[in-house]
2 protein chains.
Amino acid sequence: MDLMIPLQTASESKTPLYEQIYRYLKEEIRSKALLAGSRLPSTRTLAEHLKVSRSTTQMAYDQLLSEGYIEARPYRGYFVLDIKGMLELKRETPAEFISMEEETKRDCVVDFSPRGIDLESFPYGVWRKITKKILVDDKKELFLSGNHQGEQTLREAIGSYLHMARGVQVHPEQIVLGAGNEYLLLLLWQILGGRPVIGMENPTYRQAYRVFFALGCQVKPIAMDAKGIRVDLLEKEEVDVAYVMPSHQYPTGVVMPVGRRMELLRWAGEREGRYIIEDDYDSEFRYRGKPIPALQGSDQKERVIYIGTFSRSIAPAIRISYMVLPQPLLQRYREKYAFYASTVSRIDQNILYEFLVSGAYERHLNKMRATYKAKHDLLLAKLRPLEVDFRILGEHAGVHILLRSRREREEISEEELVERAAAAGVRVYGLSSFFIHARHNFYPPTIVLGYANLSEEEIAEGVKRLKEAYMKEKKE
Amino acid sequence: MDLMIPLQTASESKTPLYEQIYRYLKEEIRSKALLAGSRLPSTRTLAEHLKVSRSTTQMAYDQLLSEGYIEARPYRGYFVLDIKGMLELKRETPAEFISMEEETKRDCVVDFSPRGIDLESFPYGVWRKITKKILVDDKKELFLSGNHQGEQTLREAIGSYLHMARGVQVHPEQIVLGAGNEYLLLLLWQILGGRPVIGMENPTYRQAYRVFFALGCQVKPIAMDAKGIRVDLLEKEEVDVAYVMPSHQYPTGVVMPVGRRMELLRWAGEREGRYIIEDDYDSEFRYRGKPIPALQGSDQKERVIYIGTFSRSIAPAIRISYMVLPQPLLQRYREKYAFYASTVSRIDQNILYEFLVSGAYERHLNKMRATYKAKHDLLLAKLRPLEVDFRILGEHAGVHILLRSRREREEISEEELVERAAAAGVRVYGLSSFFIHARHNFYPPTIVLGYANLSEEEIAEGVKRLKEAYMKEKKE
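Not measured: the values here are computed from a predicted model.

1. Some words on the overall build of chain A
Move 1: Per the secondary structure count, chain A includes 15 helices and 16 strands.
Move 2: Considered along the principal axes of its C-alpha atoms, chain A spans approximately 85 × 65 × 40 Å.
Move 3: Looking at the 476 residues of chain A, the share that counts as buried comes to 59%.
Move 4: Of the contacts made within chain A by residues no fewer than 6 positions apart, 72% connect residues no fewer than 24 positions apart.
Move 5: For chain A, the exposed surface amounts to about 19,500 Å²; the carbon and sulfur share of it is 51%.
Move 6: Of the charged side chains in chain A, 69 are positive and 66 negative; the average position of the first set lies 2 Å away from that of the second.

In structure tokens, the structure reads:
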């Protein structure tokens, strides 16, 4: 670690060099620029660096030691001590610098967040073992920058999985990995080019909407019916690119039947430049009936961009998503955008590869399915008494369900449902919050309940509180 | 792993169910959709999945076993065998699907690439040890999505390092992490907004130019003199945002003196919306004189965006870069773009944090400095005989130098220098390839030599071959 200490020579200042160093470091420690626990450079390193004698730096350190700013640890060097409690010159934190995490904190006993995942089931042991295997020093090439689309082997493994599990027609060369769906959308937007009009199911996954909005795209919210996005409206609104979740729409849980799928593909095929982005975000979890194949598998005209992620099936912190580009876009990507280096660490790519091909991913998915199925069944069982007042929707897949009031918006509003729950210590999510614009007044009040990261006890407790909150309301 | 096997019932087809399954799987294996070594689902899982009896799936598997497509491993399940050498239906690979890595392959004995790093010095042991420590199952929160700017602790550690080592004025809340500089530029471009005109030093780091170009920015190449980018031309070309490398310009190695720095800062401060992007890509390595502080440290008007990376100081595969946003841009980021989740794996962020605060990074940098210094000194010593014909430039820092011909372009062209080297099995890089447009005719022929990833033997061998190639030319 270098130290930019502005030293003044004897002709410039009467303060001895050692004292200038000591004062500088003391100020750094008091202002928390140097944090407790950080290691100072050795006296020799610092001396060489500042072109002063070693005794000078030693004197400065001795002074700091004697004043209790630092400590010397045998064989390890000098470390900054915690000066909490000491009279300190606390560095000002301007209001704009308040950490953002504060904002999202909120008191609640049970949070039915639809975006959680179960982390109790994460295979820490296997992950650790694979990591250890990957990080051996005869694999030096892993530390160089790799293939821009992602490791060839990993793309092969993902391609084979997508083909088998989701019926996706894919050659590994069509796959591009990225650090999350948002990054892939940033890249895809460049590949699509020409400022396309985006059509999105409404309600939808708002994070994707935010990306398009941030990029200055024209985004048209497209209404859905019981079969999914209305293709007639795509036509009417002059949409170029439709963003859809046909296998399990978020958040409504609607599964697009084959008729609507064909209609959608026909729409895309009818005009040059039309594309469908298929976000297959949680297809791994389905509790009833046959698995729903990906729309991409029925695409005969190279119009579907398939996007998937390991955020839900493994963990959000992993940051590995992938997209399958149809031929024309792949070509454009290769010509103009393939210079972008992969945003996924090559080490992580290799860990994931081992995780996939060793069978650990399959075992993990089976475990997760069983875990989520148990939570899902418990939640539905506990909710039964509420079915007098609510219909349960979207309950055959994923890790969230919808609770739709049987009463009209005039009798009880969605906001009221959310607030009553909050007053009872339960966080639930109004369906309105998933809409792009406020065009949702024709829906009866509906709340979204996610259960992935809740224990069975929490689910039971949460529903118990919900019942009290909503029944109480009824009695009034 | 699910299997989308399209089964036909007895009324639809005379082929028994087990045979349909067997045929499907066989075709998958032959076409390499199912790769050698992959594990099939258990007979029970598959049976449940397809809603057929377990004996049906068992019969299908038995057939595959007897035909040698799969093998059964005790306690582990069924695995696909390698069918290489067997008569197989090879899946067509269309020309567009040829892997891109093929293109960049090129025969040479010694490659003086300026983009390499020394991987012999990577601290595999320490990295493994830290990783093991991080991946313990009581740290579950690490697997949830984290702070959008990056972990608070890591930003504190980076901030403290930047302050001490580079004189950067930074509060941790100003730091945004990203998976590589390119991603940060994509994000920064959104934050800057309003389609600014970008001015870049010419020659420059072409990868950054490509990002701006891909985003449709107007990029103006700005000529340099001995002190760096010409500020008068920034004014004349009506540039809004200047992209510069003041501490060690890439590839010229020019260090911007304090006078030019002040002139540049003054230019930025003179009009609303002007900014300076300071890419401090390899400031860690400097062999002579005092360290050059970052330009950002002298910025009084919140005009400098500081960008740094661990790609060079640790490894490119790590994919962790950071930017320090000045107040106005931080505010805009918070308001409009903070919804983007971090593109860096939270696990990796925590590994890096431990690496920084344990002192391992400091030790690693010291080791790298010594290693690079030794290579640098050797290269210069070996090049001495060539100094009759060439001047050596940019040799006090970084991991590359420039070799500038003392003769005119008319006598020997840069292309010829590159080609003669190639004929001798040595890859060198013409300075022309770093220019944005072909406005470089006034430079004498110059080649760039990087040495980071070469061993001392390779450096010696490479220079020996270069000498022969260039001396031969002289004799002619």
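Back to the text.
2. With respect to the side chain of Glu414 of chain A
Residues and elements named next belong to chain A.
Move 1: As for its position among the elements, Glu414 is in helix 14 (residues 414–423).
Move 2: The buried category is assigned to Glu414, whose relative accessible area is 3%.
Move 3: Within polar-contact distance, the side chain of Glu414 engages the backbone nitrogen of Leu431 at 2.9 Å.
Move 4: Those residues in contact with Glu414 that sit more than four places away from it in its chain are Arg409, Gly430, Leu431, Ser432, Pro444, Pro445 and Thr446.

3. Remarks on the confidence of the model for chain A
Residues and elements named next belong to chain A.
Move 1: Across chain A, the average pLDDT comes to 86, with 91% of residues at 70 or higher.
Move 2: Scored below 50 in pLDDT, residues 85–96 shows 20 contacts in the model against residues more than four places distant or in partner chains.
Move 3: Under a pLDDT of 50 for its full length, residues 98–105 has, in the predicted model, 13 contacts with residues more than four places off or in other chains.
Move 4: Reported confidences for the modelled complex are a pTM of 0.81 and an ipTM of 0.79.

4. So, the packing of helix 7 (residues 181–192) of chain B against helix 11 (residues 327–337) of chain B
Residues and elements named next belong to chain B.
Move 1: Remark: helix 7 packs on helix 11, axes separated minimally by 9 Å, with the N-to-C direction vectors making an angle of 95°. Taken together, the axes of helix 7 and helix 11 lie roughly perpendicular to each other. Contacts between helix 7 and helix 11 pair Leu187, Leu188, Gln190, Ile191 and Leu192 from the former with Leu329, Arg332, Tyr333 and Tyr337 from the latter.
Move 2: Of the residues in the contact of helix 7 with helix 11, the class split is seven nonpolar, one polar and one charged.

5. Some remarks on the packing of aromatic side chains
Residue and element names in this part refer to chain A.
Move 1: In this structure the tally under the stated criterion is 34 aromatic pairs over all chains.
Move 2: Aromatic pair Phe390 and Tyr470: ring centres 5.4 Å apart, planes at 40°, arrangement tilted. Pair noted here: Phe390 is in strand 12 (residues 390–393) and Tyr470 is in helix 15 (residues 456–475), with a separation of 80 residues, a long-range link.
Move 3: Taking relative accessible area as the criterion, Phe390 reaches 3% and is therefore assigned buried.

6. Focus on the packing of helix 7 (residues 181–192) of chain A against helix 8 (residues 206–214) of chain A
Residue and element names in this part refer to chain A.
Move 1: Relative orientation of the contacting elements helix 7 and helix 8 amounts to 35°, with a least axis distance of 10 Å. Here helix 7 and helix 8 pass one another in a crossing that is right-handed. Touching Glu182, Leu185 and Leu186 of helix 7 are Gln207, Ala208, Val211 and Phe212, all from helix 8.
Move 2: Its residues assigned to classes, the contact of helix 7 with helix 8 shows five nonpolar, one polar and one charged.

7. Notes on the pairing of strand 16 (residues 446–450) of chain B
All names here are of chain B.
Move 1: Here strand 16 lies mainly inside the structure; five of its five residues are buried.
Move 2: Relative to strand 16, strand 13 (residues 400–405) runs antiparallel, the two sharing five bridges. For His400, the partnering residue across the bridge sits in strand 16 and is Gly450.
Move 3: Sheet topology places strand 15 (residues 429–430) next to strand 16; two bridges connect them, and they run antiparallel. Counted as the bridge partner of Gly430 is Ile447 from strand 16.

8. Section: the sheet that holds strand 4 (residues 175–178) of chain B
Residue and element names in this part refer to chain B.
Move 1: Spatially, 4-11-10-9-8-5-6-7 is the arrangement adopted by the eight strands of the open sheet, whose pairing is mixed. The open sheet terminates on both sides in strands that have one partner only, identified here as strand 4 and strand 7 (228–229).
Move 2: Contacts between helix 8 (residues 206–214) and the sheet are confined to strand 5 (197–202), strand 6 (218–225), strand 8 (241–244) and strand 9 (275–279), with strand 5 contributing the most and set at about 160° to the helix.

9. Looking at the pattern of salt bridges
Side chains that carry opposite charge are capable of pairing whenever their charged atoms lie near each other.
Residue and element names in this part refer to chain A.
Move 1: All chains considered together, the criterion is met by 40 salt bridges over all chains.
Move 2: Of the charged contacts in the structure, one is a salt bridge between Asp232 and Arg230, with a shortest N-O distance of 2.9 Å.
Move 3: Its relative accessible area of 30% is what places Arg230 among the partly exposed residues.
Move 4: A salt bridge links Arg420 to Glu416, with the shortest nitrogen-to-oxygen separation between them at 3.3 Å. One end of the pair, Arg420, and the other, Glu416, are both in helix 14, four residues apart, so they sit about a helical turn from each other.
Move 5: Each of the salt bridges in this network shares a partner with another, and the network as a whole consists of Arg155, Glu173 and Arg334.

10. Remarks on the interface of chain A and chain B
Move 1: Listed per partner, the contact involves 100 residues of chain A and 100 residues of chain B.
Move 2: Inspection of the chain A/chain B interface yields two salt bridges.
Move 3: Notably, a salt bridge pairs Arg39 of chain A with Glu362 of chain B, separated by 3.5 Å at the nearest N-O pair.
Move 4: For the pair chain A and chain B, the number of links is 12 residue pairs in polar contact (both at pLDDT 80 or more).
Move 5: Counting only elements with at least two residues in the side of chain A that touches chain B, the list comes to helix 1 (17–30), helix 5 (124–134), helix 6 (152–166), helix 7, helix 8, helix 11 (327–337), helix 12 (346–357) and helix 13 (360–383) of chain A.
Move 6: No other element matches helix 6 of chain A, which puts eight residues into the side of chain A that touches chain B.

11. Quick word on the sheet that holds strand 16 (residues 446–450) of chain A
All names here are of chain A.
Move 1: Here we have four strands laid out as an open sheet, ordered 12-13-16-15, and antiparallel in their pairing. Whereas interior strands pair on both sides, the edge strands pair on one side only; in this sheet they are strand 12 and strand 15 (429–430).
Move 2: Where helix 13 meets the sheet, its contacts fall on strand 12, strand 13 (400–405) and strand 16, and the angle it forms with strand 13 comes to roughly 15°.

12. Structural notes on the relation of the copies chain A and chain B
Note on the chain copies: they are related by a rotation about an axis and a translation along it.
Move 1: When chain A is fitted to chain B, the best match, at an RMSD of 0.2 Å, comes from turning it 180° and sliding it 0.0 Å along the axis. In symmetry terms, the pair is related by a two-fold rotation axis.
Move 2: Here 99% of the interface residues in chain A have copies in chain B that are interface residues too; the copies meet face to matching face.

13. Some remarks on empty space enclosed by the protein
Move 1: Scanning the model with the defined rule gives 10 cavities of 30 Å³ or more in all.
Move 2: In this model, the largest cavity occupies a volume close to 190 Å³.
Move 3: Ile347, Asp348 and Ile351 of chain A together with Asp348 and Ile351 of chain B are the residues nearest the centre of the largest cavity, which is lined by 18 residues in total.
Move 4: Breaking the lining of the largest cavity down by element, the ones donating at least two residues are helix 5 and helix 12 of chain A together with helix 5 (124–134) and helix 12 (346–357) of chain B.
Move 5: Of the residues assigned to the lining of the largest cavity, the class counts are 12 nonpolar, four polar and two charged.

14. Notes on the nonpolar core
Nonpolar side chains in soluble globular proteins tend to be buried together.
Move 1: Judged by nonpolar contacts, the single largest core of 137 residues is most densely connected at Phe112, Ile314, Val428 and Tyr470 of chain A together with Phe112, Ile314 and Tyr470 of chain B.
Move 2: When residues no more than four places from it in sequence are discounted, the contact partners of Ile314 of chain B are Ile117, Phe122, Trp127, Leu352, Phe355, Tyr361 and His364 of chain B.
Move 3: Judged by nonpolar contacts, the second largest core, of 96 residues, contains Tyr337 of chain A together with Tyr209, Tyr281 and Tyr443 of chain B.

15. Some thoughts on unusual backbone geometry
Move 1: Of note, the amide linkage connecting Asn202 of chain A to Pro203 of chain A takes the cis form, showing an omega dihedral of 5°.
Move 2: Looking at the secondary structure, you find Pro203 of chain A in the loop between strand 5 (197–202) and helix 8.
Move 3: Look at the link from Tyr250 of chain A to Pro251 of chain A: it is a cis peptide, with omega at 5°.
Move 4: Look at Arg195 of chain A: it is not a glycine, yet its phi comes out positive at around 50°.
Move 5: By the element assignment, Arg195 of chain A lies in the loop between helix 7 and strand 5.
Move 6: Its relative accessible area of 49% is what places Arg195 of chain A among the partly exposed residues.
Move 7: Even without being glycine, Lys51 of chain B reaches a positive phi, approximately 60°.
Move 8: Following the sequence through the fold, Lys51 of chain B ends up in the loop between helix 2 (43–50) and helix 3 (54–66).
Move 9: For Lys51 of chain B, a relative accessible area of 56% translates into the label exposed.

Criteria and thresholds
Each chain carries its own residue numbering, running from 1 in the direction its sequence is written. Labels follow written order: the first chain is A, the first ligand is 1, and so on. With the structure being a predicted model, the display of local features is reserved for residues of pLDDT at least 70 and the display and counting of side-chain atom pairs for 80 or more, all residues being used for whole-chain, interface and lining totals. Each side-chain value is derived from all of the structure's non-hydrogen atoms; neither hydrogens nor water enter the calculation. The numbering of helices and of strands both runs from the N terminus, where a helix is a DSSP run of H or I of at least 4 residues and a strand a run of E of at least 2. Each residue gets one of three labels from its accessible area relative to the maximum for its type: buried under 20%, exposed over 50%, partly exposed in between, using a 1.4 Å probe on protein chains only. We call two residues in contact whenever any of their non-hydrogen atoms come within 4.5 Å of each other. Per-residue accessibility takes into account occlusion by the displayed protein chains alone, with areas from the Shrake-Rupley method and a 1.4 Å probe. A residue counts as positive if it is Lys or Arg and as negative if it is Asp or Glu; His and the chain ends are not included. Charged groups are reduced to one reference atom each: NZ for lysine, CZ for arginine, CG for aspartic acid, CD for glutamic acid. Contacts described as polar in this section are N or O atom pairs within 3.5 Å, which, within protein, must combine one atom able to donate a hydrogen with one able to accept it, while residues neighboring in sequence count only if both atoms come from side chains. On a range of 0 to 100, pLDDT expresses the predictor's confidence in each residue. Here an axis means a line fitted to C-alpha atoms, over the contact stretch when the element is a helix, while the angle between two N-to-C directions is reported on a 0 to 180 degree scale. In this scheme, roughly parallel covers angles under 35 degrees and roughly antiparallel covers those over 145, while 65 to 115 is roughly perpendicular and the rest are oblique. Ten residues, namely Ala, Val, Leu, Ile, Met, Phe, Trp, Tyr, Cys and Pro, are considered nonpolar, four, namely Asp, Glu, Lys and Arg, are considered charged, and the remaining ones, Gly among them, are considered polar. Each pair of aromatic rings taken from Phe, Tyr and Trp, with Trp reduced to its six-membered ring, is defined by centres within 6.5 Å and is described as stacked if the planes are under 30 degrees apart, edge-to-face if over 60, and tilted in the remaining cases. Note on convention: the crossing is left-handed when the near helix lies turned anticlockwise from the far helix by less than a right angle, right-handed when the turn is clockwise. Whether two strands pair comes down to DSSP finding at least two bridges between them. Salt bridges are counted wherever a side-chain nitrogen of Lys or Arg sits within 4 Å of a carboxyl oxygen of Asp or Glu. For this overlay, a least-squares fit was computed on C-alpha atoms, restricted to residues scoring pLDDT of at least 70 in both copies. The way it works is a 1 Å grid over only the protein atoms, where trapped points that fit a 1.4 Å probe form a cavity and open points with protein on both sides within 12 Å along at least five of seven lines form a pocket, and then any residue with an atom within 4 Å of a point lines it. Grid points are joined across faces, edges and corners, and a volume is the space filled by probe spheres set on the points. For the purposes of this section, nonpolar cores are sets of buried Ala, Val, Leu, Ile, Met, Phe, Trp, Tyr and Cys residues that join through side-chain atoms within 4.5 Å.

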